[in-house]
Amino acid sequence: MNNYSTLFKKDIWTLKNYVLELKRNPKRLIIYIIYLLWFLMIAFNGINAINRQKEVDFNFSLGPQILGALFITLITGLLIFSLYKGIKESSTFFSMGDVHFLFPSPISPKKILLYNMIKYSLFYLMVYGFVTAAIIPSITNFVKIDINYIPFMYLGFIGGVIVIEPLRFLIFSIGTKYRIQSVIQNIIYGFIGAFIIFILGNMLYYGNIIDGVLKGLNSPIINFLPLIGWSKIIFMVPIAGFNTYTIIAMALEILLIVLCVFLAYYTADDYYEDVIGITQTRTMRKRNKKIGNTKTPRFFVRKDKDIKVRGKRKGPMALFWKSKIQYQRTDLNVYFSMFTVILLVIAIVIGIIASKNGAGSFIMYIANGFLAYMIFIFSATTVANHELSKPYIYLIPGTTFKKIFAVHAIDVIRMLINAIVFNIALGILVKGSIFTIIMFSIFIVSFYILNLSSNFIVRVLFPSKLDQKVLTLFFLMIQFLFIILPGGIVGAISVLLFHSGFAFFVGVSVVNIIEITILLLLSNLIFSNMEWR
């Protein structure tokens, strides 16, 4: 027990260092307070969304089935990917600091492993609690949720995710210790094959692809699958209600988590040699990603062949050429990506479901709004790794506008193609007008450009790379208050004036274009400020 108290003291000392850093830099305390306020705002928004359901008559009967199918797909995908990765490499709960400081210590490596697994589990409880709160407003768009059972939705989601890393570690440990990697791999392939056959059987039985997939993924048989089915039963309690099966599923899931942790602890003999390797690899990946020296495939697409570079470019256009070559090497095409294909498939599925349920073109509002929300979340997290954050950007001759254009041109073109493909496919199936398709494509692209452009403001306020790394959520808050909120206000006013939901997206698009223009006009001032810092 003394060893665990020593590890706990080490984390307390680390926490004290953060407190001392706050004393030296008090402005960060304001940021943490804003974090708390933002989380409370998300929680409040989720509660309001649930309360508004009482005033809405839901005719979208497939809502619970779609949500259940999405949850099963997510958990199953994460589980299969984790198990397959576990055959080849170990999971890691450590940083390079832990590798250099803890492993040479006299503390038992097994105790270090157990302590860090528990610590990371507690961390995941906090992080995924935020994720659950953030997705509740989106879920309430198509299903009714009982607010009294919201904690079960959180427990179902976190229970399915929290066991993945210990299970991956256990798979690697057992596979290497008993030399049964091929057996585990065959079991995984067998599970995938059985899962696909089960879904195909449902398609044939119901005579329809969509009905077969939805009813297959929501079949009572799925609920008996360890981890996958148990997590779904718990996650769907706010929608399906609480019953005896919920208690059984919770007990089995807790038992599975404890069992995985215990077996990982029991089989962890000389694990640190493998963990050191994977920890170093992970650290190198982050370092290479930060400096842009990476050949990581996008969506499992890799091109190992050498790319022939024809011609040379000077000045800012060299940045344009660099982006073009990188996408040509790591994606399907310079302008088309796997993301384009995924959006096309999603649009077709949504369009078929919406047309069968009489949702009409209204589904385009929800789909494009959700897509814009995802763009806001993920594009804002690229501040620290963005090309414009590199010091050499100031040494390249050329105007600021040309540099901005060169850096963003390929990304904007790709997003425009994605938006057009998505809205054309969806618009054809739900019989949307050409004007609607064009307007929603402009809305998505303007939203994307605005998020990229707003990174300039973030870097002016926080030029430190450390701040950019740890203050991602604060960046989202800044962008929401000063970039997105004005468009939302104008969009709401447009709805009141024209009595049309479509007017909201037109109003937001107009404001986005105005804000992009203002940021471009101020680009010289912003860049000069960043360069001096």
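Residues numbered from 1 in each chain as written. Predicted model: local features only at pLDDT ≥ 70, side-chain atom pairs only at ≥ 80, totals over all residues. Heavy atoms only, no water.

What the protein chain contains, in helices and strands, is 23 helices and zero strands. Out of the 533 residues in the protein chain, the part that is buried amounts to 43%. Restricting to contacts in the protein chain with at least 6 residues of sequence separation, those with at least 24 account for 80%. Element-wise, carbon and sulfur atoms account for 70% of the exposed surface of the protein chain, whose accessible area totals about 28700 Å². (Helix = DSSP H or I, 4+ residues; strand = E, 2+ residues; numbered from the N terminus. Buried < 20%, exposed > 50% of the residue type's maximum accessible area, 1.4 Å probe, protein only. Contact = heavy atoms within 4.5 Å. Areas by Shrake-Rupley, 256 points an atom, 1.4 Å probe, with all protein chains shown as cover.)

Let's shift gears to the packing of helix α3 (residues 63-88) against helix α7 (residues 164-178). Between α3 and α7, the least distance of the axes is 7 Å, while the angle of their chain directions is 35°. The chirality of how α3 crosses α7 is right-handed. Residue-level inspection shows Leu78, Leu79, Ser82, Leu83, Lys85, Gly86, Ile87 and Lys88 of α3 in contact with α7, the latter providing Ile164, Leu167, Arg168, Ile171 and Phe172. For the contact of α3 with α7, the per-class residue count stands at eight nonpolar, two polar and three charged. (Axes fitted to C-alpha atoms, helices over the stretch in contact; angles between N-to-C directions. Left-handed = near helix turned anticlockwise from the far one by under 90°. Nonpolar A, V, L, I, M, F, W, Y, C, P; charged D, E, K, R; others polar.)

For residues besides glycine, phi is generally negative; the peptide bonds are generally trans as well. The residue Arg179 is not glycine, and still its phi comes out positive at about 55°. Looking at where Arg179 falls in the secondary structure, it is placed in the loop between α7 and α8 (181-206). The phi torsion at Leu227 lies on the positive side, around 70°, for a residue other than glycine. With respect to the helices and strands, the residue Leu227 is situated in the loop between α9 (209-217) and α10 (228-235).

Here helix α15 (residues 338-356) is 19 residues long and its end C-alpha atoms lie 27 Å apart, about the 27 Å a rise of 1.5 Å per residue gives. What α15 keeps buried is the set Thr340, Leu343, Ala347, Gly351, Ile353 and Ala354. Taken end-on, α15 shows its buried residues confined to a sector of 165°, consistent with a single buried face. N-capping of α15 is provided by Ser337, with a side-chain oxygen placed 3.2 Å from the backbone N of Phe339. (Expected span 1.5 Å × (residues − 1). Arc of directions from axis to C-beta. Polar contact = N/O pair within 3.5 Å; in protein donor to acceptor, adjacent residues only side chain to side chain.)

Now for a nonpolar patch on the surface. A surface patch of nonpolar side chains, about 480 Å² in accessible area, is lined by Leu29, Ile33, Leu36, Leu37 and Leu40. Its location among the elements puts Ile33 in helix α2 (residues 27-52). (Patch = residues over 30% accessible without salt bridge, like charges linked within 9 Å, V, L, I, M, F, W, Y side chains within 5 Å. Salt bridge = Lys/Arg side-chain N within 4 Å of Asp/Glu carboxyl O.)

Going through the model one piece at a time under the given rule, you end up with 17 aromatic pairs. Each ring, one from Tyr365 and one from Phe440, has its centre 5.5 Å from the other, and the planes form 50°; the classification is tilted. Linking Tyr365 in helix α16 (residues 362-379) with Phe440 in helix α18 (residues 434-453), this pair joins segments that are 75 residues apart in sequence. The two residues Tyr365 and Phe440 agree in class, both being buried. Ring centres 5.6 Å apart and planes at 55° place the aromatic pair Phe435 and Phe502 in the tilted group. Taken together, the residues span a long stretch of sequence, with Phe435 in helix α18 and Phe502 in helix α22 (residues 501-521) at a distance of 67 residues. Looking at Phe502, the relative accessible area reads 13%, which means it is buried. (Phe/Tyr/Trp six-rings, centres within 6.5 Å; stacked < 30°, edge-to-face > 60°.)

To continue, consider the pattern of salt bridges. Counted under the stated rule, the structure contains two salt bridges. Two residues, Lys10 and Asp11, come together in a salt bridge whose shortest N-O distance is 3.9 Å. Since its relative accessible area comes to 17%, Lys10 is described here as buried. Salt bridges sharing partners connect three or more residues here, namely Lys10, Asp11 and Lys119.

It is worth spelling out helix α1 (residues 2-24) at this point. When the terminal C-alpha atoms of α1 are compared, their 33 Å separation across 23 residues agrees well with the 33 Å that a helix rising 1.5 Å per residue should span. Along α1, the residues classified as buried are Leu7, Lys10 and Asp11.

A few words now on the confidence of the model for the protein chain. Averaged over all residues, the pLDDT of the protein chain equals 76, while 72% of them reach at least 70. For the protein chain, the element scoring lowest by mean pLDDT is helix α20 (residues 465-470), at 54; α10 scores highest, at 91. Low pLDDT (under 50) marks residues 294-305, which in the prediction has 24 contacts with non-local residues, meaning those over four places away or in another chain. For residues 381-385, every residue scores under 50 in pLDDT, and the model assigns this stretch 13 contacts once sequence neighbours within four places are set aside. (pLDDT = per-residue confidence, 0-100.)

Residues Ile139, Leu167 and Phe235 are the most contacted members of the largest nonpolar core, which totals 43 residues. Among the elements of the structure, α3, α5 (109-139), α6 (150-162), α7, α8, α9, α10 and α12 (244-267) are those that each provide at least two residues to this core. Counting residues per element, this core draws most heavily on α3, at nine residues. Each residue touching Phe235, except ones within four places of it in the same chain, is listed here: Leu67, Phe71, Ile139, Phe152, Met153, Gly156 and Phe157. Counting 30 residues, the second-largest nonpolar core is a separate cluster that includes Ala347, Ile363, Leu371 and Leu452. (Core = buried A, V, L, I, M, F, W, Y, C linked by side-chain atoms within 4.5 Å.)

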